[in-house]
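Fold and geometry: a report
The chain contents come next:
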Amino acid sequence: MNGVILIVGGGGFIGSNLAAALEARGERVAVCDTLGTLAKWRNLAKRELDALITPEQLEGFCRSKGQIEEHTSELQSLAQIAYAV
């Protein structure tokens, strides 16, 4: 796959394991998470991420990748979900 795969909520158990599997396949992975606990930081400690962003940085990250114009409403929903997690 070309580009970066963004995992919203990627600091948790499922998201971090998904990041590990995608990284093992050679994919570029970015994670969006609040990382509010030490456990979440540990989940991602060994990952070589393309980016680690907070929900507040999500829109800017997507704009920088040129992917926001056609997905603005979906992006706002994702940011709200990510913030609630």
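What counts and how
- Residues numbered from 1 in each chain as written.
- Predicted model: local features only at pLDDT ≥ 70, side-chain atom pairs only at ≥ 80, totals over all residues.
- Heavy atoms only, no water.
- Buried < 20%, exposed > 50% of the residue type's maximum accessible area, 1.4 Å probe, protein only.
- Helix = DSSP H or I, 4+ residues; strand = E, 2+ residues; numbered from the N terminus.
- Right-handed = clockwise from strand over helix to strand, strands pointing away.
- Pairing = 2+ DSSP bridges.
- Axes fitted to C-alpha atoms, helices over the stretch in contact; angles between N-to-C directions.
- Contact = heavy atoms within 4.5 Å.
- Polar contact = N/O pair within 3.5 Å; in protein donor to acceptor, adjacent residues only side chain to side chain.

Take the pairing of strand E2 (residues 28-32) next. Burial analysis of E2 places four of its five residues in the buried class, the great majority of the element. Handedness of the strand E1 (residues 4-8)-helix H1 (residues 13-24)-E2 crossover: right-handed. Bridging between E2 and strand E3 (residues 51-53) involves three bridges; their strand directions are parallel. What sits directly across from Cys32, in E3, is Ile53.

On to the sheet that holds E1. Spatial strand order, E1-E2-E3: three strands in an open sheet with parallel pairing. The open sheet has two edge strands with one neighbour each: E1 and E3. When strand polarity is set aside, the average angle formed by the axes of neighbouring strands in this sheet is 20°. As defined by bridge partners, E1 adjoins E2 across five bridges and the pair is classed as parallel. Bridging from a neighbouring strand, Val8 pairs with Cys32 of E2. Relative to E1, H1 is tilted by about 165°, and along the sheet it contacts E1 and E2.

For the rest of this paragraph, the subject is the side chain of Glu27. Along the polypeptide, Glu27 turns up in the loop between H1 and E2. The exposure class assigned to Glu27 is buried, which follows from its relative accessible area of 13%. Polar contacts involving the side chain of Glu27 include one to the side chain of Arg25, which spans 3.1 Å.

With that out of the way, let us pick up the environment of Glu23. Here Glu23 is to be found in helix H1. Owing to a relative accessible area of 22%, Glu23 belongs among the partly exposed residues under this scheme. Considered as a pair, Glu23 and Ile5 are 18 residues apart in the sequence and their alpha carbons are 9.9 Å apart. For Glu23, the contacting residues outside a window of four places in its chain are Val29, Lys46, Arg47 and Glu48. Of note is the side chain of Glu23, whose polar atom sits 2.6 Å from the side chain of Arg47.

To continue, consider the side chain of Asp33. Within the secondary structure, Asp33 sits in the loop between E2 and helix H2 (38-44). Here the side chain of Asp33 touches Gly11 through a polar contact of 2.8 Å, landing on its backbone nitrogen. Within polar-contact distance, the side chain of Asp33 engages the side chain of Lys40 at 3.3 Å. With sequence-adjacent residues up to four places away left out, Asp33 is seen in contact with Gly9, Gly10, Gly11, Gly12, Lys40, Ile53, Thr54 and Pro55.

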